[in-house]
2 protein chains.
Amino acid sequence: MGSLPLDASYVRPLNPEAFSGDSRAVIDFLAEYYRDVDKYPVRAADLEPGRLRKLLPEAAPEHGEPMEDVLEDVRRDILPGLTHWQSPSFFAFFPMNASAAGFAGEMLSAGLNVVPFVWAASPAAAELETVVVDWMGRLLGLPQRLLFSGGGGGVLQGSTCEAVVCTLAAARDRALGRLGHDNIMKMVVYASDQTHTTFQKGARLVGIPPSNFRVIQTSSASGYGLTADAVRAVVDRDVARGLVPLYLCATVGTTGLGAVDPVRELGEVARRHGMWLHVDAAYAGSAAICPEFQGYLDGAELADSVSMNPHKWFLTNTDCCCLWVANPLELTSALSTDPEYLKNVGTNGTGKPAAIDYKDWQISLSRRFRAIKLWVVLRRYGAGGLRAHIRQHVTAAKWFERAVAADERFEVVVPRKFSLVCFRLRPRFAGEDDETTLDGMNRELLAAVNASGQAFMTHFVVDGKFVIRLAVGGAMTEMRHVMDVWELLQGKADDVIHRYQLEG
Amino acid sequence: MGSLPLDASYVRPLNPEAFSGDSRAVIDFLAEYYRDVDKYPVRAADLEPGRLRKLLPEAAPEHGEPMEDVLEDVRRDILPGLTHWQSPSFFAFFPMNASAAGFAGEMLSAGLNVVPFVWAASPAAAELETVVVDWMGRLLGLPQRLLFSGGGGGVLQGSTCEAVVCTLAAARDRALGRLGHDNIMKMVVYASDQTHTTFQKGARLVGIPPSNFRVIQTSSASGYGLTADAVRAVVDRDVARGLVPLYLCATVGTTGLGAVDPVRELGEVARRHGMWLHVDAAYAGSAAICPEFQGYLDGAELADSVSMNPHKWFLTNTDCCCLWVANPLELTSALSTDPEYLKNVGTNGTGKPAAIDYKDWQISLSRRFRAIKLWVVLRRYGAGGLRAHIRQHVTAAKWFERAVAADERFEVVVPRKFSLVCFRLRPRFAGEDDETTLDGMNRELLAAVNASGQAFMTHFVVDGKFVIRLAVGGAMTEMRHVMDVWELLQGKADDVIHRYQLEG
């Protein structure tokens, strides 16, 4: 009976003392980072491609190194090359909130490191997931039929893209099951010109021919939301050509402009044609925990699925996406596997919340214990605290929108609905309707703001207009940061205008 | 100029003091958990479906609660319903290692919470990823052409399933680009009867007709590995029928039995037919950091892609899967999106490591900073420490295999290659070749072991035999735990045999 040979390089990966020591060093590192994050340039200071690669050795070290050295290298080599998503002056893309509670939940998930892919692989993890998705659905005012308590159900995935791929596959297999697989060439999917482009990527991924993506035009008249009439016109044409309308993606809070598609009207069109209706509320879904925003989800009872990302504006560290479906069996029919080595107590395949095999609700077999993260966030801040978090940002965005509207050099391009303000410089001097000049001025303005390191924003182009996006919602962002960025913008705008006036 | 209204429920999500307090409480909780984890029943003690759901309220709390209360609820309500994947006596499925370093890396990822989906969104995060996948590839002895330094490249995804879906999509689009999308009905994919069933799920997900999955039989003669002859026979038949061989999945270390498909021979078949060859080394890939195991990857230069999971046996907390491809453009051609609001410095779409947009290398747009996790693991333990970690488990598995072989009541069903031992009870008394009786005895033996709470193992069925799997590889698993489980098995075997002899 041998025993383990002693080895100088033997590691004790979960020795409690070593674990505590390393972990506390990282906590201290991060606490200092949060204390100082507003001192870093928001967008990565060093944008030279290949910089980090040159700093690091060609191969992994042969011998283990102390945590202090590792953290020192993070500080020296990595931080200068990061864009600081948690900076209070990060207004780019959409917010991706970290929080003490989200982090604590993430630590529990990573530390327990259970893998609730089948129910028996960790029953409490699977059940906690059924509980928190129901909690979330109730907070958003979703219809009962999307909750476990009403015959539907939900799952926590990593991203909206995954949710869209899974529901596209469910819709496709529902239709192909009826028509035969060779009809895949007839399946048509619908979205607006404002829908996130990952929808097209998802449709392509599940085998829908690229020629069968319909991108329906929107306009300022509907605030860049889809209209039922426009969808009907396109769908009717496809039906007349013998094609099969498969899936309509409605967005509540588009990425570019924060536009809203009318869920109820689109749901009625979808119903009439047997199409799957998905409602993507990735960003704006968080706002729906406040009753004043729940109207945007009106009609969700006509949806086959709804998704939103707690990892955006809901203080839940990346990644976490809630997906609810009205008929879990349609999802699991497209995604189930049932090999011998996974047969276990709890594997019943009925889609009942009591003993659910979440591997059949997502792309991957393995999965993280995300439920505990979202649960800690909900417990630690409470619905009231989370509403306050959302409302402070809406208040700040409203303030910013009014400031922009009141300044004759600027214009609000699309009326704000949530916490995203889309605006541009449009000074009243020669050339104010000269789109080429305005495009150049706004590009310069944005570049100047971002180069300052004091704030980071991104842009969008709509109807040929270059629009600057201020997405309020960072975990540390308060009114004063929004006031600061407005001051910064005004100063940089003066410079740009002055330069153009000299040149003009 | 308004200012933020004071609100009693206002939360300060990243206040450094609150962050440190909450985080330290979780660290202490987890250190205690690791200290005591071998005292919990390994498989969840409470397997009654719905137990946790009944304990928790119907809705999220309105007011935030202290972290202590949350942790107390984890201890009281959640831990009893978890299967303890980090227990040193967890021998089920495959190991999913947590470690102090993996956890520290996870904390840095979650704490910094940057989203390196496009290069400019955090240049250092994207570059660190290109560096660590090259480091890993070199450690495994992969051919240069799969590394960035050799014209290929890698990405960190969440799971093998994702890697398979992405490479299937790349293979499909490579073929359809040549043949036209309507040829999707002709695409055929190949795997063995030992290949993970998620391969079929992935193929179905990307729209391959289920009738075009070929499951090629293996046998004990080849150690349940695919043979080139068997693949050729099936492929030739498909080609003769006008079908298009698309993708062959070879596995190094199958889930059921740890079998190995011969990469070089299969690569030659794949080349001849223009098929994509993927090598799935999810579990056993970790062993290839030891030179004595690198032979199993011989021929990888013929592969279009290779994947392995550091989150299994490589001390990297869930989730982390390395995917390498020989031709990144084939991957990004299938997965790229290029909307206006993502156009930024660094977006060049050339697949060059210097300024890589990783959103085009995976399913989702958003992504976690996984690179820092794997990097901390490699730095903290070093290649030498990681080899010691792997070898101690191989040594323990060898010991167990010998013990089983030396006990006349048991048999090793398939010779061990890595750290997975597949065995069964086969006592020399009446009925030793009576498969029904052996099946019943082994099921009883496994159930008795798992019910004891002292260890958790899972099973597999091959050639009609019910096989017990001992997968050695837990982060805390040492030789003594393997010796303990052997003693436990012997005792339970005595009971089962005694019962059968009385009944017989």
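### Brief notes about the interface of chain B and chain A
Residue-level contacts link 174 residues of chain B with 174 residues of chain A. Between chain B and chain A, roughly 15,300 Å² of surface is buried when both sides are summed, and carbon and sulfur atoms account for 65% of that area. On inspection of chain B and its partner chain A, the count reaches 22 salt bridges. Inspection of the region where chain B meets chain A yields 84 residue pairs in polar contact (both at pLDDT 80 or more). Across the side of chain B that touches chain A, the residue classes break down as 93 nonpolar, 44 polar and 37 charged.

### Remarks on the nonpolar core
W324(A), W375(A), W324(B) and W375(B) are the most contacted members of the largest nonpolar core, which has 337 residues in total. Those residues within four positions of W375(B) in sequence are excluded, and the remaining contacts are L56(A), V70(A), D73(A), V74(A), I78(A), L128(B), V132(B) and W135(B).

### What to know about empty space enclosed by the protein
Summed over all chains, the structure comprises 10 cavities of 30 Å³ or more. Considering only enclosed or pocket space, the largest cavity measures out at about 430 Å³ in volume. Looking at the largest cavity, it is lined by 32 residues, and the ones nearest its centre are F94(A), H196(A), T255(A), K312(A) and L365(B). Going through the elements one at a time, α6 (160-179), α7 (198-205), β4 (244-251) and α10 (310-313) of chain A are the ones with two or more residues in the lining of the largest cavity. It is α6(A) that contributes the most residues to the lining of the largest cavity, 3 residues altogether. Counted as a void, the second largest cavity has a volume near 360 Å³. Surrounding the second largest cavity, 27 residues form its lining, L365(A), F94(B), H196(B), T255(B) and K312(B) being those nearest its centre. Breaking the lining of the second largest cavity down by element, the ones donating at least two residues are α6 (160-179) and α10 (310-313) of chain B. Of the residues contributing to the lining of the second largest cavity, the split by class is 13 nonpolar, 11 polar and 3 charged.

### So, the domain arrangement of chain A
Looking at the assigned domains, one finds that chain A contains domain 1 (16-82), domain 2 (114-368) and domain 3 (381-503). A C-alpha centroid distance of 37 Å is found between domain 1 of chain A and domain 2 of chain A.

### Observations concerning the confidence of the model for chain A
The predicted coordinates should not be examined in detail at positions where pLDDT is low. Residue and element names in this part refer to chain A. For chain A, per-residue confidence averages 93 on the pLDDT scale, and residues scoring 70 or more make up 94% of the total. Segment residues 1-8 is flagged for pLDDT under 50; beyond a separation of four residues in sequence, or across chains, it makes 11 contacts in the model. Considering only residues more than four positions removed or in separate chains, one finds that residues 345-352, a stretch of pLDDT under 50, has 14 contacts.

### A few points about the sheet that holds strand β2 (residues 187-192) of chain B
Residue and element names in this part refer to chain B. Across the sheet, 7 strands lie side by side as β1-β7-β6-β5-β4-β2-β3; this open sheet has mixed pairing. Where the open sheet ends on each side, the last strands, each with one partner, are β1 (153-157) and β3 (213-216). Adjacent strand axes in the sheet meet at a mean angle of 20° when their direction is disregarded. When β1 meets strand β7 (residues 321-325), the two strands line up antiparallel, connected through 5 bridges. By the bridge assignment, V155 is partnered in β7 with L323. Contacting β1, β6 (305-308) and β7, helix α5 (residues 123-139) runs over the sheet at an angle of about 105° to β1. Seen against the sheet, helix α9 (residues 263-272) touches β4 (244-251) and β5 (276-280) and runs at an angle of roughly 160° to β5.

### So, the pattern of salt bridges
Under the criterion given, the structure shown has 82 salt bridges over all chains. D134(A) is the partner of R53(B) in a salt bridge, and the nearest nitrogen-oxygen pair spans 2.7 Å. Of this pair, R53(B) sits in helix α2 (residues 51-55) while D134(A) sits in helix α5 (residues 123-139), each in a different chain. Take R53(B): its relative accessible area is 25%, and that puts it in the partly exposed class. For the salt bridge of E32(B) with R75(B), the shortest nitrogen-to-oxygen distance reads 3.8 Å. Within this pair, whereas E32(B) is found in helix α1 (residues 16-36), its partner R75(B) is found in helix α3 (residues 67-78), the two being separated by 43 residues in sequence. The class for E32(B) is partly exposed, based on a relative accessible area of 35%. Each of the salt bridges in this network shares a partner with another, and the network as a whole consists of E106(A), D319(A), R368(A), R370(A), K373(A), E106(B), D319(B), R368(B), R370(B) and K373(B).

### A look at helix α9 (residues 263-272) of chain A
Residue and element names in this part refer to chain A. Three or more residues of α9 are buried, namely V263, L266, G267, V269 and A270. One face of α9 carries all of its buried residues, which in axial projection span an arc of 160°. Immediately beyond the C-terminal end of α9, within one or two residues, lies G274, with a positive phi of roughly 65°.

Reading the values: the criteria
- Residues numbered from 1 in each chain as written.
- Chains lettered and ligands numbered in written order.
- Predicted model: local features only at pLDDT ≥ 70, side-chain atom pairs only at ≥ 80, totals over all residues.
- Heavy atoms only, no water.
- Contact = heavy atoms within 4.5 Å.
- Buried area = accessible area lost by both parts, 1.4 Å probe.
- Salt bridge = Lys/Arg side-chain N within 4 Å of Asp/Glu carboxyl O.
- Polar contact = N/O pair within 3.5 Å; in protein donor to acceptor, adjacent residues only side chain to side chain.
- Nonpolar A, V, L, I, M, F, W, Y, C, P; charged D, E, K, R; others polar.
- Core = buried A, V, L, I, M, F, W, Y, C linked by side-chain atoms within 4.5 Å.
- Buried < 20%, exposed > 50% of the residue type's maximum accessible area, 1.4 Å probe, protein only.
- 1 Å grid on protein atoms, 1.4 Å probe; cavity = no way out; pocket = protein on both sides within 12 Å on 5 of 7 lines; lining within 4 Å.
- Points joined across faces, edges and corners; volume = space filled by probe spheres on them.
- Helix = DSSP H or I, 4+ residues; strand = E, 2+ residues; numbered from the N terminus.
- Domains from an automatic or database assignment.
- pLDDT = per-residue confidence, 0-100.
- Pairing = 2+ DSSP bridges.
- Axes fitted to C-alpha atoms, helices over the stretch in contact; angles between N-to-C directions.
- Arc of directions from axis to C-beta.

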